[in-house]
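Listed here are the chains, written in short residue letters.
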Amino acid sequence: MAGVAAIAFFSFASPSMAGSTAQGISFTSDESYPESISWSAKQDTFMVGSVRHGLVAKVDEAGKYTGFVNDAKLVSTAGLLVDDKRNTLWVTNSDPGVGDRTNATTQGKLAGVATYDATTGQPRAYYDLGNLSEGTHFANDIALDADGNAYVTDSFAPIIYRIDTAGKATTFAQDPRFKDGDGFNLNGIAWHKDGYLLVGKYNTGELFRVSIADPGKVELVKLPEPLTGADGIQLIDDQHLVIVQNLGVGRTVELVSTDGWASATVVRQETSIMSMPTAAAIVGDDIYVLNSRLDTLFDPAADKVGDYLLQKF
């Protein structure tokens, strides 16, 4: 999820109709402002969230947008993850203050995770992670390990939570380096099969490697430059990672590491066509980056929009 207080504004050409082109897949909705994206190979569809309406919808490869989950508990849906193996949809629930259901009791305080049947959309479980600690909260992104344990970033706390396969939610990792100021800190998260998490820090552009066996072991990944505005992250394979940047950067980069993510280098980058790229999904050999246009939602003076782009990277 992008930071609210320091969003830069841009003017971009935008596709006006749904459909698939060389640029990617454009789609329209009722000003839903999706921030996250996940691909279900089983259903052959993307699932996207909504910062404004707090719902989950499906977008097919032709750009057709169809509502899927509309749960009154959800204020703003940030992170999404479809687990095809267990037929489960994971959704993080937060309140940045711009949703239809925002209210004084939840704004800046909500950190929830909901699970649904990925085929029917029926609710399965709900976890109130904000009750695990005091202060402000924003449940942002989510990753799953091979066993199905979930790891969730809280951008305001900032904390990494764990929800185990028995449904027990705990504070998994905390570190003083996770927080700089009151804005968005921890953001994107990915699980690596060698036993650690890769976690991006939005405001400083740092990337952390967090041991799963010993969550007190938090190491900085050496980067050639700070990746400021690092939002969604997606592992392509063991050595390649995609990081989507906004906060005035507006690009997607591919990193490669040959030393187990002690360090990494940038091997490819691409500027976003539309504003506020926020998340990436892998579909076969292709990578799609969601251009969310969230800058226009958080700017009270901006015209609100309903067309978005899954840009091919």
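Residues numbered from 1 in each chain as written. Predicted model: local features only at pLDDT ≥ 70, side-chain atom pairs only at ≥ 80, totals over all residues. Heavy atoms only, no water.

> Any chance you could explain the overall build of the chain here in plain terms?
Looking only at helices and strands, the chain has 1 helix and 25 strands in total. At 17 Å, the chain has a C-alpha radius of gyration in line with the 20 Å of a compact globule built from 313 residues. For the chain, buried positions account for 57% of its 313 residues. Carbon and sulfur atoms make up 48% of the accessible area of the chain, which amounts to about 12,100 Å² in all. The centroid of the 24 positive side-chain charges in the chain is displaced by 3 Å from the centroid of its 39 negative side-chain charges. (Helix = DSSP H or I, 4+ residues; strand = E, 2+ residues; numbered from the N terminus. Rg over C-alpha atoms; globule rule 2.2 N^0.38 Å. Buried < 20%, exposed > 50% of the residue type's maximum accessible area, 1.4 Å probe, protein only. Areas by Shrake-Rupley, 256 points an atom, 1.4 Å probe, with all protein chains shown as cover. Lys, Arg positive; Asp, Glu negative; His and termini not counted. Charge placed at Lys NZ, Arg CZ, Asp CG, Glu CD.)

> How do you make sense of the environment of Ala18 when you look at a structure like this?
Relative to the helices and strands, Ala18 resides in the segment before β1 (19–21). Distance in space between the C-alpha atoms of Ala18 and Ala62 is 7.3 Å, their sequence separation being 44 residues. Beyond its immediate chain neighbours, meaning those up to four positions away, Ala18 contacts Ser26, Phe27, Thr28, Ala62 and Gly63. (Contact = heavy atoms within 4.5 Å.)

> Even after reading the chapter, I still don't get the packing of aromatic side chains, so can you show me in this structure?
Each aromatic ring pair is described using two quantities: the centre-to-centre distance and the angle formed by the ring planes. This structure, assessed with the given rule, holds 11 aromatic pairs. Aromatic pair Tyr151 and Phe172: ring centres 5.2 Å apart, planes at 70°, arrangement edge-to-face. One end of the pair, Tyr151, is in strand β12 (residues 150–154); the other, Phe172, is in strand β14 (residues 169–173), and 21 residues separate them in sequence. One aromatic cluster is present, formed by Phe27, Tyr33, Tyr65 and Tyr308 through successive ring pairs. A cation over an aromatic ring shows up here: Lys58 above the ring of Phe68, its NZ or CZ 4.3 Å from the ring centre. In this structure, Arg209 is placed above the aromatic ring of Tyr196, and the distance from its NZ or CZ to the ring centre is 4.0 Å. (Phe/Tyr/Trp six-rings, centres within 6.5 Å; stacked < 30°, edge-to-face > 60°. Lys NZ or Arg CZ within 6 Å of the ring centre and 35° of its normal.)

> I keep staring at the pairing of strand β23 (residues 277–283) and nothing clicks. Help me out?
Consecutive side chains of a regular strand alternate in pointing toward one face of the sheet and then the other. Most of β23 sits out of view: 6 of its 7 residues are buried. Pairing between β23 and strand β24 (residues 286–291): 6 bridges, direction antiparallel. Looking at the pairing, Pro277 lines up with Asn291 of β24. The turn joining β23 and β24, which pair antiparallel and follow one another in sequence, is formed by 2 residues; a positive phi near 60° is taken by Gly284. (Pairing = 2+ DSSP bridges.)

> So what exactly am I meant to see when it comes to the nonpolar core here?
As a rule of thumb, nonpolar side chains are buried together in soluble globular proteins. Counting 23 residues, the largest nonpolar core has Ile37, Phe46, Leu294 and Leu310 as its most contacted members. Residues contacting Leu310, with those up to four places away along its chain left out, are Gln23, Gly24, Ile25, Phe27, Ile37, Phe46, Val59, Tyr288, Val289 and Leu290. If you look at the next biggest cluster of nonpolar residues, it comprises 16 residues, including Leu227, Ala230, Val253 and Leu255. (Core = buried A, V, L, I, M, F, W, Y, C linked by side-chain atoms within 4.5 Å.)

> When you look at the pattern of salt bridges in this model, what are you seeing that I'm missing?
When charged atoms on two side chains of opposite charge get close, those side chains can pair. Counting across every chain of the model gives 13 salt bridges. Asp180 is the partner of Lys201 in a salt bridge, and the nearest nitrogen-oxygen pair spans 2.1 Å. With a gap of 21 residues between them, Lys201 in strand β16 (residues 196–201) and Asp180 in the loop between β14 and β15 (186–192) connect regions that are remote in the sequence. Here Asp238 ties to Lys193 by a salt bridge, and the two come within 3.4 Å at their closest N and O atoms. Linking Asp238 in the loop between β19 (230–237) and β20 (240–245) with Lys193 in the loop between β15 and β16, this pair joins segments that are 45 residues apart in sequence. Taking relative accessible area as the criterion, Asp238 reaches 33% and is therefore assigned partly exposed. (Salt bridge = Lys/Arg side-chain N within 4 Å of Asp/Glu carboxyl O.)

> Any chance you could explain a negative patch on the surface here in plain terms?
Taken together, the side chains of Asp44, Glu61, Asp285 and Asp286 define an acidic patch exposed on the protein surface. Positionally, Asp285 belongs in the loop between β23 and β24. What makes Asp285 exposed here is its relative accessible area of 83%. (Patch = residues over 30% accessible without salt bridge, like charges linked within 9 Å, V, L, I, M, F, W, Y side chains within 5 Å.)

> Just checking my understanding: could you explain the sheet that holds strand β17 (residues 206–211) for this structure?
Consider a sheet: its strands pair through backbone hydrogen bonds, and that pairing is either parallel or antiparallel. If you walk across this open sheet you meet the 4 strands as β15-β16-β17-β18, and the pairing is antiparallel. Both edges of this open sheet fall to β15 and β18 (218–220), since each of them pairs with a single strand only. Along the sheet, successive strands turn relative to each other by an average axial angle of 25°, direction set aside. Here 6 bridges tie β16 to β17, and the two strands are oriented antiparallel to one another. The partner of Leu197 across the bridge, within β17, is Val210. (Axes fitted to C-alpha atoms, helices over the stretch in contact; angles between N-to-C directions.)

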